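Residue-level structure breakdown
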Amino acid sequence: ELVLAREQPGCGVGWNTLAGIGRIETSHGTYGGAVVQPNGDALPRILGPALDGNGFAAIHDTEGGAWDGDAQWDRAVGPMQFIPDTWQRWGADGNGDGAADPNNLDDAALAAGRYLCASGSLLTPEGWRAAVFSYNHLDSYVDSVAAAASDYAARAAG
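Residues numbered from 1 in each chain as written. Predicted model: local features only at pLDDT ≥ 70, side-chain atom pairs only at ≥ 80, totals over all residues. Heavy atoms only, no water.

1. Points about the state of the cysteines
One pass over the full model with this rule turns up 1 disulfide. With its sulfur 2.0 Å from that of its partner, Cys11 forms a disulfide with Cys117. Taking the sign of the S-S torsion, -90° for the link of Cys11 and Cys117, the bridge is left-handed. Of this pair, Cys11 sits in the loop between helix H1 (2–7) and helix H2 (15–26) while Cys117 sits in helix H4 (residues 105–117); the two residues are 106 residues apart in sequence, bridging distant segments of the chain. (Disulfide = S-S within 2.5 Å. Helix = DSSP H or I, 4+ residues; strand = E, 2+ residues; numbered from the N terminus.)

2. Observations concerning helix H5 (residues 125–135)
Of all the positions in H5, only Gly127, Trp128, Ala131, Val132, Ser134 and Tyr135 are classed as buried. The buried residues of H5 occupy one face: seen down the axis, they fall within an arc of 155°. Residues Pro125 and Glu126 are exposed on H5 and point more than 90 degrees away from its buried face. (Buried < 20%, exposed > 50% of the residue type's maximum accessible area, 1.4 Å probe, protein only. Arc of directions from axis to C-beta.)

3. Quick word on H2
Taking 1.5 Å of rise per residue, 12 residues should cover 16 Å, and H2 covers 16 Å from first to last C-alpha, within 8% of that figure. Burial of H2 is extensive: 9 of the 12 residues sit out of reach of the surface. Looking at the buried residues of H2, the elements they touch are H4, H5 and helix H6 (139–157). (Expected span 1.5 Å × (residues − 1). Contact = heavy atoms within 4.5 Å.)

4. Quick notes on the packing of aromatic side chains
Summed over all chains, the structure comprises 5 aromatic pairs. Centre to centre, the rings of Phe82 and Trp87 are 5.1 Å apart; their planes meet at 70°, and the pair counts as edge-to-face. Since its relative accessible area comes to 4%, Trp87 is described here as buried. Ring centres of Tyr115 and Tyr135 lie 5.7 Å apart, and the angle between their planes is 85°; this geometry places the pair in the edge-to-face category. With a gap of 20 residues between them, Tyr115 in helix H4 and Tyr135 in helix H5 connect regions that are remote in the sequence. Like Tyr115, the residue Tyr135 is buried in the burial classification. (Phe/Tyr/Trp six-rings, centres within 6.5 Å; stacked < 30°, edge-to-face > 60°.)

So, to be careful, I would describe these as geometric facts and stop short of saying anything about function.
What follows is the structure, given as C-alpha cells:
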C-alpha cells in the first residue's frame, strides 16, 4: 500500500484489499500446506489447476512452464494466484531482492496492487468493485474479497 500510494496516489488501494485477495486466493500463501518463509517465498510453490478448459478457462501455455511447470497449459501461480501471462506484464519486485517472483508474497502483493490500480481509482465503491472484478471475473469473488477486506479493516480499527 505504501509503495502504491507513492507511485499512484490517486489509486487508493488499501492494505486490507490486498489482504482480502490474499486470504481468498491462498489463505495468505498457506494453501496446500505451503509455508511463507522469512524472505516472503511460499514453499512449496502454490499452483492452481491446469487451465485446460475443464471447469476453467482454456489458456495454453504462455511461458514454457517456467513459472508453473506446465508447458501445455497455464496455471495460476503463487500466493496471489497470477496467471503467467499476467505476471509477465505486472510482475514486481516488492521485497527489493532484484527479482520479480510470483511465488514471493511481497512481490505478488505489489504486483496485485499495480494490477488493481490499472483499473482506475479504488476510492469509490464502484471503482473498488470494478478493480477487484478485473482480478477475477466473478461477482461472488468480489463479494468474498469485500467481506475479507472489511473484516481486516474492522479488526485493525479495534
